[in-house]
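Listed below are the residues making up each chain.
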Amino acid sequence: MNISIEPILIEQKSVFMQMIELYKYDFSEFSGDDINEYGYFGYPHIDDYWNEEGRFPFFIRVDGKLAGLVLVRSCSEHQVLSDPHNIAEFFVMKKYRRKGVGKEAAIKIFELFHGGWEVSQWENNLPAQEFWKQVICEYTGGKYETFTALEKGEVGFIFYNNI
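Report on the accompanying structure. Keep in mind that what you see is a predicted model, and the values were worked out from it rather than measured.

1. Topic: the side chain of N86
Thinking step 1. Position of N86 among the secondary structure elements: in strand β4 (residues 84-92).
Thinking step 2. With a relative accessible area of 3%, N86 lands in the buried category.
Thinking step 3. Side-chain polar atoms of N86 contact the backbone nitrogen of A88, separated by 3.4 Å.
Thinking step 4. In contact with N86, not counting residues within four places along its chain, are L71, V72, R73, C75, S76, E77, W117 and E118.

Encoded structure:
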């Protein structure tokens, strides 16, 4: 299985928007979001990924087929980190879960952006917490910290990968 990460080009915006809808549908069990009257969840930051510095959209592909997406931001929301990065959104389609796709995609993203990382999950999203704990623990050799941001209902991990 060949897992790759590719930057999403502005010409691929319509595909990106469709993938975000799949992600938001999947995530709605944790967010409680509903679709609007037009049948969409929507995502307010789509254009920001081409209009703002420090935002990086990527597709995840498995053997050349679309399998998910990763949105990276060069900032931290909860901690003070040098050269900060965070995972804004991370989505692997159900067909590809529990096959190592998410883990390999996450590691490839970490390798692209060296510095401080903040990876947060919603407090009620236990599967994501378990996934990120395993991936980050293995990637860092256990050298990470955890945090809780109760005001936002989030928990997460902090680490540096100045390799």
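2. Thoughts on helix α3 (residues 101-112)
Thinking step 1. In this model α3 runs 17 Å from its N-terminal to its C-terminal C-alpha over twelve residues, within 8% of the 16 Å that 1.5 Å per residue would give.
Thinking step 2. Among the residues of α3, those classed as buried are V101, G102, A105, A106, I109 and F110. Buried positions in α3, seen along its axis, are confined to an arc of 160 degrees and lie on one side of it.

3. A few points about the environment of L81
Thinking step 1. Within the element layout of this structure, L81 appears in the loop between β3 (65-73) and β4.
Thinking step 2. Relative accessible area serves as the criterion here: at 12%, L81 is assigned to the buried category.
Thinking step 3. For the pair formed by L81 and E118, sequence separation is 37 residues and the distance between their alpha carbons is 8.3 Å.
Thinking step 4. Setting aside residues no more than four positions away along its own chain, L81 makes contact with S76, G116, W117, E118, I158 and Y160.

4. Side note on the sheet that holds strand β6 (residues 145-149)
Thinking step 1. Pairing within the open sheet is mixed, and its seven strands lie in the order β1-β2-β3-β4-β5-β7-β6. The sheet is open, and its two borders are formed by β1 (3-7) and β6, each paired with just one other strand. Each strand axis lies, on average, 30 degrees off the axis of its neighbour in the sheet, ignoring direction.
Thinking step 2. Relative to strand β7 (residues 154-160), β6 runs antiparallel, the two being bridged by five bridges. Residue pairing in the sheet places F147 in a bridge with G156 of β7.
Thinking step 3. Of the strands in this sheet, β2 (55-62), β3, β4 and β5 (116-122) touch helix α1 (residues 13-31), which is tilted by about 80 degrees from β3.

5. Points about the nonpolar core
Thinking step 1. Residues I60, I87, I109, F110, W117 and W132 are the most contacted members of the largest nonpolar core, which totals 27 residues.
Thinking step 2. Elements represented by at least two residues in this core include exactly β1, β2, β3, β4, α3, β5, α4 (126-140) and β7.
Thinking step 3. I8, I20, I46 and F59 belong to the second-largest nonpolar core, a separate cluster that totals 14 residues.

Calculation notes
- Each chain has its residues counted from 1, running along the sequence as written.
- Confidence filtering applies because this is a predicted model: local features only for residues at pLDDT of at least 70, side-chain atom pairs given and counted only at 80 or more, and all residues used for totals across whole chains, interfaces and linings.
- Values reported for side chains reflect all heavy atoms of the structure, with hydrogen atoms and water molecules removed beforehand.
- To qualify as a helix, a DSSP run of H or I must reach at least 4 residues; to qualify as a strand, a run of E must reach at least 2; elements of each kind are numbered from the N terminus.
- When accessible area is computed with a 1.4 Å probe and restricted to protein chains, residues below 20% of their type maximum are described as buried, those above 50% as exposed, and intermediate ones as partly exposed.
- Any pair of nitrogen or oxygen atoms within 3.5 Å is treated as a polar contact; in protein, a donor-acceptor pairing is required on top of that, and neighbouring residues in sequence qualify only through side-chain atoms on both sides.
- In what follows, residue pairs with any heavy atoms lying within 4.5 Å of each other are defined as contacts.
- Residue count minus one, scaled by 1.5 Å, sets the expected span of a helix.
- Read the arc as the range of directions from the helix axis to the C-beta atoms.
- Strand pairing is assigned whenever DSSP detects at least two bridges linking the two strands.
- Here the axes come from fitting lines to C-alpha atoms, over the contacting stretch only for helices, and the angles between their N-to-C directions go from 0 to 180 degrees.
- Side-chain atoms within 4.5 Å link the members of a nonpolar core, which is a set of buried Ala, Val, Leu, Ile, Met, Phe, Trp, Tyr and Cys residues.

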